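# Reading the structure
If you want the building blocks of each chain, they are given just below.
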Amino acid sequence: MIRPVVTLRRRRIIIDVDTQKDFLLASGNACVRNHRRVLQNVRRVMAWARMKNVRVISTKQIYDAGNGHSYCVLGTEGCRKVPYTVRQNRVTFVADGCTDLPRDILKTYDQVILHKRCVNPFDEPRADRVLGEIQVNEFVVIGAPAEDAVKHTVLGLLIRRKPVTVLVDAVGSHDRGAAEIAFRQMEAKGAKLAETKTLLGSSCLRLVGVCECDRCQGRLQKKSFGVGA
Ligand SMILES: [Zn+2]
């Protein structure tokens with residue numbers, strides 16, 4: 001019998017899907033349409049996890065240069081995670097097709113970052129193993145994009161009979177309609193849809209800081225339209 005190495009008796013774990021600069025910053029190559037609100041809520045969730053000592057499993061899309069991908073390309077800034085989604089005490093696994101894992105990774109580290117060369121984490125052997133072996137009462141999912149990576153992650157967890165809560169206001173999407181359909185699918189398969197504040201309580205964190213765009217920096221006011229016209 002193979003001894004499970006990532007079993008952890010805890011109440012909750014955060015599943016942080018592809019919170020990379022290309023998806024969540026206005027300067028990114030595939031920025032979601034609702035990045036400002038999502039960044040705020042992702043930041044709240046991460047701050048809460050740090051405070052409550054909740055572990056984080058993060059996935060990260062990484063593609064080799066020159067194979068047609070315009071975002072999350074290895075070695076680019078856009079491929080990197082948004083800074084506040086990264087914990088100090090973390091371990092990163094590259095996507096190499098192996099399933100090897102050191103023992104007790106979730107006891108040793110606050111965060112496990114799993115690279116994937118695809119959208120669906122269950123297509124990547126090590127990510128499949130980690131996500132499949134974790135035993136907790138609640139998988140709390142945040143990240144982007146709703147209509148592909150988040151959907152595949154959530155549906156894959158549900159197929160493996162994991163209890164999943166999706167924080168819909170901490171999930172970014174490129175297409176509002178497609179995201180809505182994806183959320184309904186997740187719900188139909190058994191995911192709980194919730195808002196960040198119901199899980200964490202409200203917080204007065206307003207500015208997003210990490211994104212330099214006018215909306216995130218609070219410089220864009222409705223009244224400013226027409227200036228210079
Ligand atoms: Zn922004």
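Here's what I pulled together on the structure shown here. (Residues numbered from 1 in each chain as written. Predicted model: local features only at pLDDT ≥ 70, side-chain atom pairs only at ≥ 80, totals over all residues. Heavy atoms only, no water.)

## Overview of helix α6 (residues 176-188)
Owing to its 3.6 residues per turn, the α-helix brings residues three or four apart onto one side. For the record, the criterion: Only DSSP runs of H or I with at least four residues qualify as helices, and only runs of E with at least two residues qualify as strands; both kinds are numbered from the N terminus onward. Multiplying one less than the number of residues by 1.5 Å gives the expected span of a helix. Burial classification: accessible surface area is computed with a 1.4 Å probe over protein chains only, and a residue below 20% of its type maximum counts as buried, one above 50% as exposed, and the rest as partly exposed. Working definition: the arc comes from the directions between the helix axis and the C-beta atoms, pointing outward to the latter. Here a residue-residue contact requires only that any non-hydrogen atoms of the pair lie within 4.5 Å. For the purposes of these results, a polar contact is taken to be a pair of N or O atoms within 3.5 Å, where, inside protein, one atom must be able to donate a hydrogen and its partner to accept one; residues adjacent in sequence count only when each atom of the pair is a side-chain atom.
Taking 1.5 Å of rise per residue, 13 residues should cover 18 Å, and α6 covers 18 Å from first to last C-alpha, within 8% of that figure. For α6, every residue scored as buried is listed here: A179, A182, F183 and M186. Projected onto a plane normal to the axis of α6, the buried residues spread over an arc of 100° and lie on a single side. Opposite the buried face of α6, by more than 90 degrees, sit the exposed residues I181 and A188. In this structure, the buried residues of α6 make contact with α5 (146-159), β6 (164-171) and β7 (192-194). The N-cap residue of α6 is D175: its side-chain oxygen and the backbone nitrogen of G177 are 2.8 Å apart.

## Observations regarding the coordination of the zinc ion
For clarity, the threshold we go by: Only nitrogen, oxygen and sulfur atoms count as donors, using a 2.8 Å cut-off from the metal that widens to 3.2 Å for Na, K and Ca. Water is left out, so coordination shells may look unfilled. The rule is simple: four donors are tetrahedral if all their angles sit between 85 and 135 degrees, four are square planar and six octahedral if opposite donors span more than 155 degrees and the others lie between 65 and 115, and anything that fits none of that is irregular.
Coordination of the zinc ion by the protein involves H35 (NE2), C211 (SG), C213 (SG) and C216 (SG), with metal-donor separations of 2.0 to 2.4 Å. Taken together, the four donor atoms coordinating the zinc ion span angles of 97 to 116° at the metal, a pattern that classifies the geometry as tetrahedral. Here the donor residues of the zinc ion share one chain and are spaced in sequence as H-x175-C-x1-C-x2-C. Residues C211 and C213 agree in their burial class; the two are buried.

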